[in-house]
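Chains, contacts and geometry: an overview
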Amino acid sequence: MSISRLRWRALAIGAAGLLVIAAVVAAIGVSGARASRSGAVTSVLLLSVDGLHQRDLAWYVGNHPGSALAALVRGGIEYTAASTPVPSDSFPGAVGQLTGGDPSVTGIYYDDTFNHDLLPAGTTSCASVKPGTEVDLTEDLDRDKSAIDAGQGLAGLPDGVLGMTATPGTLINPAALPVDPATCKPVYPHAYLRVNTVFDVASQAGLRTAWSDKHPAYDILNGTSGDAVRDLFTPEINSRVPGGPADGDWTTDNASTERYDSYKVQAVLNEIDGYDHARATEVGVPAIFGMNFQTVSTAQKLPDSDGLPGGYLADGTTPGPLLARALDYVDAQLGALVAELRKHDLDRSTAVILSAKHGQSPTEPAALTRIDDKPLVRGLNAGWAATHPGAARLVAQATDDDAIMMWLSDRSAEATGFAKAYLLGQQGTGTDSNGKPKPFTASGLQTLYAGAEAARYFNAAPDDPAVPDLYGVVRHGVVYTGGTSKIAEHGGADAEDQRVALVLDSPAGGHGQTVDQPVRTTQIAPTVLRLLGLDPGALQAVRIEHTVELPQGTPQ
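Residues numbered from 1 in each chain as written. Predicted model: local features only at pLDDT ≥ 70, side-chain atom pairs only at ≥ 80, totals over all residues. Heavy atoms only, no water.

**With respect to the overall build of the protein**
Convention followed: What counts as a helix is a DSSP run of H or I of at least four residues, what counts as a strand is a run of E of at least two, and both are numbered from the N terminus. Values of the radius of gyration come from C-alpha atoms, whereas the globule rule sets the reference at 2.2 Å times the count of residues to the power 0.38. For every residue, the accessible area obtained with a 1.4 Å probe (protein chains only) is divided by the maximum for its type, and the residue is called buried under 20%, exposed over 50%, and partly exposed between those limits. A contact between two residues is defined here by any heavy atoms of the two lying within 4.5 Å.
Check the secondary structure of the protein and you find 16 helices and 25 strands. In terms of C-alpha radius of gyration, the protein reaches 23 Å, essentially the compact-globule figure of 24 Å for 556 residues. Projected onto the principal axes, the alpha-carbon positions of the protein cover approximately 75 × 50 × 50 Å. Expressed as a percentage of its 556 residues, the buried residues of the protein come to 60%. Taking the contacts inside the protein whose residues are at least 6 apart along the sequence as the reference set, 72% of them involve residues at least 24 apart.

**Some points on the packing of aromatic side chains**
Put simply, the rule is: Any two rings among Phe, Tyr and Trp, with Trp reduced to its six-membered ring, count as a pair given centres within 6.5 Å; such a pair is stacked if its planes are under 30 degrees apart, edge-to-face if over 60, and tilted if neither.
Scanning the model with the defined rule gives 11 aromatic pairs in all. By way of ring pairs, the aromatic residues Tyr-109, Tyr-449, Tyr-457, Phe-458 and Tyr-471 are connected into one cluster.

**Let's talk about the packing of helix H2 (residues 54–63) against helix H3 (residues 68–75)**
Keep this limit in mind: Here, axes are lines fitted to C-alpha atoms. For helices the fit covers the stretch in contact, and angles between N-to-C directions go from 0 to 180 degrees. The cut-offs work like this: below 35 degrees is roughly parallel, past 145 is roughly antiparallel, 65 to 115 is roughly perpendicular, and the gaps in between are oblique. Note on residue classes: Ala, Val, Leu, Ile, Met, Phe, Trp, Tyr, Cys and Pro are nonpolar, Asp, Glu, Lys and Arg are charged, and everything else, Gly too, is polar.
Axis separation between H2 and H3 bottoms out at 8 Å; the angle between their running directions is 105°. Considering the angle they form, H2 stands roughly perpendicular to H3. Contact residues: Leu-57, Tyr-60 and Val-61 in H2; Leu-69, Ala-70 and Val-73 in H3. Among the residues making up the contact of H2 with H3, the classes are represented as 6 nonpolar, no polar and no charged.

**Some words on the sheet that holds strand S19 (residues 445–450)**
Our working definition: When DSSP finds two or more bridges between a pair of strands, those strands are recorded as paired.
Reading across the sheet, the 4 strands line up as S15-S16-S20-S19 and stay open at both edges, with antiparallel pairing between neighbours. If you trace the sheet from one side to the other, it starts and ends with strand S15 (395–400) and S19, each paired once. Sheet twist, expressed as the average angle between the axes of neighbouring strands with direction ignored, equals 15°. For S15 and strand S16 (residues 403–408), the ladder comprises 5 bridges, and the chain directions are antiparallel. In the strand pairing of S16, Gln-397 is matched with Trp-407. Set on the sheet, helix H11 (residues 374–387) makes contact with S15 and S16; between it and S15 the angle comes to about 160°. Lying over the sheet, helix H12 (residues 413–424) contacts S16, S19 and strand S20 (470–474), oriented at roughly 170° with respect to S19.

**Re the side chain of His-511**
Filter applied, for reference: We call two N or O atoms a polar contact when they sit within 3.5 Å, provided that within protein one can donate a hydrogen and the other can accept it, with sequence-adjacent residues counted only if both atoms are side-chain atoms.
Here His-511 lies in the loop between strand S23 (503–505) and strand S24 (513–515). A polar side-chain atom of His-511 sits 2.9 Å from the main-chain carbonyl oxygen of Gly-75.

**Regarding the confidence of the model for the protein**
In low-pLDDT regions, the fine details of the predicted coordinates are not to be read closely. Put simply, the rule is: pLDDT: the predictor's confidence for each residue, scored from 0 to 100.
Residue-level pLDDT values for the protein average 92, and 92% of them are 70 or greater. Contacts of residues 1–37 to residues separated by more than four positions or lying in other chains number 67 contacts, the stretch itself having pLDDT below 50.

**Focus: the sheet that holds strand S25 (residues 519–520)**
Each strand in a sheet pairs with another by means of backbone hydrogen bonds, the pair being arranged parallel or else antiparallel. Reading across from one edge, S22-S3-S25 is the order of the 3 strands in this open sheet, with mixed pairing throughout. The two strands at the open ends of the sheet, each matched to only one other strand, are strand S22 (499–500) and S25. Pairing of strand S3 (residues 82–83) with S25, which is carried by 2 bridges, proceeds in the parallel orientation. Bridge pairing in S25 places Ser-83 opposite Arg-520.

If you want it as C-alpha cells, here you go:
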C-alpha cells in the first residue's frame, strides 16, 4: 500500500473514531429527551443513506442498541416495508422522495437516459435537426468534472469546497445539455422535470430551503420554479481525489467516500447553526434541508477497499468489515447532526426522516453474476443492421446496471419485438464474485418488457418520449459490468434494490412505533409538507398519482 493511501485511510479512520464518540453522547441525549418532545414542526431534516436496506438498519440497531440509529428508531416511526420507485436509482429515487411521483409522472427514469422529442446537445440551428438525444444528468454536465467544485475555480480544494456556490446550475456546461426544439435553447435539469418539488412549495410559502447532493445536475431539485432550493450544495463525487488513490474518484476508495460525505455533513451542521452551507452568512435554519450519504453504497459495491473486504458475509445479511465500518461512520454523522439540533433546542421542533434513494443487489456473494453488456448491445445493433441495410443504429441509448434499459431509434413493434427476441436468445459466460467463469442465459434476464409492454410496466403513455423502449428485469444477482470492480449494483427492480430503510422521528408524535404495512418512499414528499403545515396537494405529482402521506402515530 502506498504512503498516500495509508495516510488517507488513517485520516478517515481517525475522524470516524472521533465521531463515534460524538454519536454515543448524542444517542444517550436523544433517548433521554424523547418523552418531552411534542409540538409543532418548524423544520424537516431529510437524510438519504444510499444503499441502506431495511434489514441493514435492523441488523445495526440490533447489534448497536446504544447507537444514534437505534435512538432514532426508538424515538420515531420505523416503516419496515418501504420501497423505492422503479428503476431504483439515485435520480428517480431522489426525485420521488421530493416530488411524490414515479418516473412516468416526473419524466425521470434514470440519470442517463434518452428523449425522443429533444435535440442533441450543442444544437444551435434547430430547424432541420431530427429529434432524439441522450439526456445525461451526471458529472458529464460539469464545467470541469475532474474538480470537486465542478470547475468553479475555488482555492484550497478539496477542503475549500464548502465555498462552492449555492446555485450550481451556473457550473453546468450548457453545451452538454439537450436542446428544446421549440425554443432552440438548452434544457437545464430543473426544466426537464415535469412536476414541482417540496422545495417549490416551501419557497412559495416564504420558507427557506437547502439541500446537499453529489452532482451539480441536482439542479433538478430546483423544480419548476428553477430556484426553489435557496442553498444547493453539490460537490462533484466523480471528480479526481487530490492526494488520494491514483486514477480514482471519491467512489473508488471507501475512505475517500467518507471524507467526501463529511463535507456535506459539515454543510448541514452549518445550516443547523443558522448559516448558509459555507458558514459565510447567517440566514436562519431551513424549513426543509438535508443530504445524501454515499459511504454505505460504495462499501456495498467495492470488492475491497482500505485493506478491508466489501459487501456482506456469505449469509447476505451480516455486513462485512468495510460495510460495518461504513455503517459506523453514518451512525456517527447522524449522532453529530442530532447533537447539533439539541445544542440549539431544535430537536423539539425538527422532524428527522432517514431513508435511501435505492438499495443494492445482490447482498449474497454467491448470487453475483457479472455480465458485460457491451457485446449484447453490439450484437443487437449488428443483427438489426444485417436485416435492415441503411437503417440507423437500433440502440440509441443503453443504460444497464442491474437492469437493461434501452431506447431505440426505431420504436415500431417490429423493432422492439426484434430487440426482445434477440436479447432473450443470448447466452454466454460472465464472472462470479471471485472472478471465475459463470454461465448465463437470456442475457441474464428474468423478464423483458418491450415497446408498449415497457410503457405499461411504468404506467406511462406509449408515446412518452422518455420511457425506455426496453426494460429488462434481471435474474437475481445479475450486474452488467465488463470488469470485476463491482460486487453489487442498483437501478433495477430487484427487492434488494427497492426495500430500503425509512424512519420518521417527529415531535408531532408516533414515538417508538413500527409500521409493517407497505409504504413507498414517494410518500415522503407529502409527509414533509404536512409536517410543516403546508398542503400536500400543492405537489403536482401528488395530485396526479394520489400519493398519500406516510401513516403516522399520535402525539405521546
